[in-house]
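Chain residues, written in single-letter form:
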Amino acid sequence: MAKVNFKIWRGEKGDGGYKEYTTEVTEGMVVLDAVHQIQAETAPDLAVRWNCKAGKCGSCSAEINGKPRLMCMTRCSDLPLHEGVTIEPMQAFPHLRDLVTDVSFNYRAKKQIKPFKPRKPDAPDGTWRMSQVDVEKAQEFRKCIECYLCQNVCHVLREHAKHDEFIGPRLFVYSAALEMHPLDTEDRLKDLKDRDGIGYCNITKCCTTVCPEHITITDNAIIPLKERVVDAFYDPLAKLFRGLGKKKS
């Protein structure tokens, strides 16, 4: 058991500053436990978003000592407690209050993406036949818990605020899950190029680094989508085949 100093960002709509709290940290505690303890002891009006406390809802995203993390999955014992712990809200979204940000942009952008459109069943019993390797290709992307840590570290959103032109890594993962599905027949490539801004991504892999589900966002989702866009719109032969109604699987 040890007394630890926590600096937590307090304020509304971007205005505010850090406030210091001291609380006891015991073995096994995660940062979210400490925040809840501070709420119970001295700051009952502290706003923080959370739900499952099991790393599966993605609600408690924040920046801990300058690094985007889930508070419920960050053990206090893994932090330099003698130096204190700094907690602040995500920086790529509008600030609401204390540690809470408005992430509704992600839901609006998701609604614009064309939904799953399966091909007709290819078996007499009305079912489909798929290769296991094709199934596994898209399965990785289903692990996303929509914590939006990847969106938060993306410089296109965080530093350049191009939310109107760029959907971000989370939505590219969602697009990849649809595009790489062995039954899907929809064409989203023009949207990815013109509306969703995939060309802005310069594959720094910062999104992959912070993903708590260890999804290989850059290599397995964004780069393959970029390749499909290049093939469709900048490769003359691929463009010809696409014009004949063929979709790359």
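Keep in mind the model is a prediction, meaning the values are calculated, not measured. (Residues numbered from 1 in each chain as written. Predicted model: local features only at pLDDT ≥ 70, side-chain atom pairs only at ≥ 80, totals over all residues. Heavy atoms only, no water.)

Asks: Even after reading the chapter, I still don't get the layout of surface pockets, so can you show me in this structure?
Replies: Empty space left among the atoms is revealed by rolling a probe the size of a water molecule over them. By volume, the second largest pocket amounts to about 230 Å³. Lining the second largest pocket we find K67, P68, R69, L70, M73, T74, L149, T209, V210, C211, P212 and H214. Contributing elements (two or more residues each) for the lining of the second largest pocket: β4 (67-70) and α8 (206-210). The element that contributes the greatest number of residues to the lining of the second largest pocket is β4, accounting for four residues. (1 Å grid on protein atoms, 1.4 Å probe; cavity = no way out; pocket = protein on both sides within 12 Å on 5 of 7 lines; lining within 4 Å. Points joined across faces, edges and corners; volume = space filled by probe spheres on them. Helix = DSSP H or I, 4+ residues; strand = E, 2+ residues; numbered from the N terminus.)

Asks: Teacher, can you tell me more about the packing of aromatic side chains here?
Replies: Enumeration over the complete set of coordinates arrives at five aromatic pairs. When the ring of F93 is compared with that of Y148, the centres are 6.4 Å apart and the planes differ by 70°; the resulting orientation is edge-to-face. Here the residue F93 occupies a position in the loop between β5 (85-88) and β6 (95-97), and Y148 occupies one in the loop between α3 (132-139) and α4 (149-153), the gap between them amounting to 55 residues. Judged by relative accessible area, Y148 falls into the buried class, the value being 4%. Both rings, one in Y107 and one in Y148, keep their centres 6.0 Å apart while their planes meet at 85°; by these two values the pair is edge-to-face. Of this pair, Y107 sits in helix α2 (residues 104-112) while Y148 is found in the loop between α3 and α4, placing the two residues 41 residues apart along the sequence. With a relative accessible area of 40%, Y107 lands in the partly exposed category. An aromatic cluster of three or more residues is present, and its members are F93, Y107 and Y148. The cationic tip of K7 hangs over the ring face of Y18; the distance from NZ or CZ to the ring centre is 5.3 Å. (Phe/Tyr/Trp six-rings, centres within 6.5 Å; stacked < 30°, edge-to-face > 60°. Buried < 20%, exposed > 50% of the residue type's maximum accessible area, 1.4 Å probe, protein only. Lys NZ or Arg CZ within 6 Å of the ring centre and 35° of its normal.)

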